[in-house]
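# A look at the structure
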Amino acid sequence: MKGMKKHDAQILPRELSQVKNNPKRRRSVHWLVRLLVVLVLTSLAALSMLAYWATFNAVTVTLPTRVYLASRQATIDYQVVSKAPDATTETLAGEQAVYVSALAQAVRPVFHYTFLADTAQTLTASSHILAALRIYSTQGQDQLLYENSQIMAAPEVMSLTAAQYQLERTAEIPLQEFRNQFQAFSSQSPIEVRGELVISLVAKTETALPSGLSTLVDQPALVLPLTNDTFTISEKVDFKPVPVWRLLPYQIVLHIFHPAVFPATGVLFLAGLVLWLRLTQSRYKDPFEKKLAWMKRQCRGRLMMIADKAWEPEWCITAQDFKTLVQTAKKLKHPVFCHVDRQGPFPVAYFYVYYGENNYCLTFRPEGVSEATPDDGFELPGNKKLPPIPTLPEMPQTDSDQDANPFSRQAENDPEDRD
């Protein structure tokens, strides 16, 4: 029988209104946040105790430290010496030009190198000019097949104590000898190859640091292709600053503070830790409230909280399975009404779904609470009892009452009853 009770109740989610009216309600803190705060406070307290111990004992720690920073710069000036086959005079071609391989006879590079450090140290600088023939395979990833190096300018060594120094080295590199080596290799190679001539300045700097010897090698270079009929020369002169790191010991000295400051600080951190754990500990959640929250989540999208119960459970067909009730409501696209009554001795949640001529209800009570309440008092969870239903005391009957009751007089006059 369809029958929803007519009621003046307005649709108002009481739980939400209670939350809004209680702005001081404490939100739960995630366990990960609690753990991080505990670790931080514990570490600070441990450091305070360590600092207190360090005021009476020498503490040495080893830390990586940048002890030196070197910057380098290099520029290369060069000329290409060319000579016609029938001519006896030489022609000098400048930089950034296209040169004919058959006419180019030699290259005259001038290397300018500058070393600059952040502190003055004892330096040993050596340099020489190197010409290297490199032959690569043109198949795959340009695999290096052959390399031949020759020193074209004798090494020079100098020692000084300074933060910077400069080098200028020059040489003349004949090209025909390297072309002949490349042609001899390529004629015997079963695969296609390409060759290049790399002319570089090898600048080696050794720095005597207090933490040990530091060695730095730079090679600004010119690259000449030997495969094509014409060629251009490319430069490689880019260098990044190089820091030198060492593990250095440090001694911690805390005499600038009074020794009593550190244990007091440690006690404050521990007190803050205890206070944080106390304020953020998880409270016991009532099983009824926990299960009710789960039931509300199951009704997500169909749940409608109302402020009063607008129906009586005895008017409805009682649903046995809550999940089936919610699934049916979702399939029918009907709302699930819910009212939570907290006015009685124990909270009760009422769920209602209408469907055609039938109405389905489900009443959710705390565990151990039955629908009927005995007269001698009902025991709630937590050893709480409902008060028994009061009864009126029996009144003694008078003669006037017996005269007014014909059944009582008949009982007195009936001899069978007396027997």
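Cut-offs applied
Positions within a chain are numbered from 1, following the residues in the order the chain's sequence is written. With pLDDT at 70 or above as the cut-off, local features in this predicted model cover only qualifying residues; side-chain atom pairs require 80 or more to be listed or tallied, and sums for whole chains, interfaces and linings still use all residues. Side-chain descriptors were evaluated using all non-hydrogen atoms of the structure, hydrogens and water having been removed beforehand. One side-chain nitrogen of Lys or Arg within 4 Å of one carboxyl oxygen of Asp or Glu is enough to make a salt bridge. For helices the rule is a DSSP run of H or I covering at least 4 residues; for strands it is a run of E covering at least 2, with both sets numbered from the N terminus onward. Only protein chains enter the accessibility calculation, which uses a 1.4 Å probe. A residue is then buried if its area is under 20% of the maximum for its type, exposed if over 50%, and partly exposed in between. You can read pLDDT as the predictor saying how much it trusts each residue, on a scale of 0 to 100. Contacts are residue-level and defined by heavy atoms, with any inter-residue pair within 4.5 Å sufficient. Any two strands between which DSSP finds at least two bridges are classified as paired. The set of buried Ala, Val, Leu, Ile, Met, Phe, Trp, Tyr and Cys residues whose side-chain atoms join them within 4.5 Å is what this entry labels a nonpolar core. We call a pair of cysteine sulfur atoms a disulfide when they lie within 2.5 Å. Aromatic pairs are defined between Phe, Tyr and Trp rings, using the six-membered ring for Trp, whenever the two ring centres lie within 6.5 Å; interplanar angles under 30 degrees are classed as stacked, those over 60 as edge-to-face, and all others as tilted.

### Overview of the pattern of salt bridges
- A full pass over the atoms with the stated rule returns eight salt bridges.
- In this structure, Arg108 and Glu172 form a salt bridge, with 3.2 Å as the shortest nitrogen-oxygen distance. Here Glu172 lies in the loop between strand 5 (144-170) and strand 6 (173-174) and Arg108 lies in strand 4 (residues 104-137), a separation of 64 residues in the sequence.
- The residue Glu206 makes a salt bridge to Lys204 at a minimum N-O spacing of 3.5 Å.
- Classification of Glu206 as partly exposed rests on a relative accessible area of 25%.
- Salt bridges here are not isolated pairs; linked through shared partners, they connect Glu90, Arg108 and Glu172.

### Structural notes on the confidence of the model for the protein chain
- When pLDDT is averaged across the protein chain, the result is 81; 80% of the residues are at 70 or more.
- Predicted confidence is poor over residues 1-24, with pLDDT under 50, and the contacts of this stretch with residues over four places away or in other chains come to 40 contacts.
- Within the model, the stretch residues 398-419 combines pLDDT values under 50 with 10 contacts to residues more than four positions away or in other chains.

### So, the sheet that holds strand 17 (residues 358-364)
- The strand order across the open sheet built from five strands is 13-15-16-17-14, with neighbouring strands paired in mixed fashion. The open sheet terminates on both sides in strands that have one partner only, identified here as strand 13 (303-305) and strand 14 (317-318).
- Examined bridge by bridge, strand 13 and strand 15 (residues 336-341) share three bridges and lie parallel to one another. In the strand pairing of strand 15, Leu303 is matched with Val336.

### Comments concerning the nonpolar core
- Counting residues in hydrophobic clusters, the biggest one holds 40 residues, and the most contacted among them are Tyr68, Tyr113, Phe115, Leu197, Ile199, Leu224 and Ile233.
- Among the secondary structure elements, those contributing two or more residues to this core are strand 1 (59-82), strand 4, strand 5, helix 3 (176-188), strand 7 (193-209) and strand 9 (221-225).
- Of the residues forming this core, the biggest block, 12 residues, is contributed by strand 4.
- Filtering out sequence-adjacent residues up to four positions away, Phe115 remains in contact with Tyr68, Ala70, Ser71, Arg72, Leu123, Ala163, Gln164, Tyr165, Thr205 and Leu216.
- Core analysis: the next-biggest nonpolar cluster, separate from the first, contains 18 residues, Val340, Ala349, Val353 and Phe364 among them.

### Remarks on the state of the cysteines
- Summed over all chains, the structure comprises one disulfide.
- The residue that forms a disulfide with Cys316 is Cys361, at a sulfur-sulfur distance of 2.2 Å. Placement of Cys316 in the loop between strand 13 and strand 14 and of Cys361 in strand 17 is noted, with a sequence separation of 45 residues between them. Per residue, the accessibility class of Cys316 equals that of Cys361, and both read buried.
- With no disulfide partner, Cys299 has as its closest neighbouring cysteine sulfur the one in Cys338, 7.3 Å distant.
- Given a relative accessible area of 0%, Cys338 falls into the buried group.

### Quick notes on the packing of aromatic side chains
- Scanning all chains against the criterion turns up nine aromatic pairs.
- Considering the side-chain rings of Phe288 and Phe364, the 4.9 Å spacing of their centres and the 10° angle between planes classify their relative orientation as stacked. Highlighted residues: Phe288 in helix 5 (residues 287-298) and Phe364 in strand 17, separated in sequence by 76 residues.
- Using a relative accessible area of 13% as the deciding quantity, one classes Phe364 as buried.
- Linked through ring pairs, Tyr113, Phe115 and Tyr165 together constitute an aromatic cluster.

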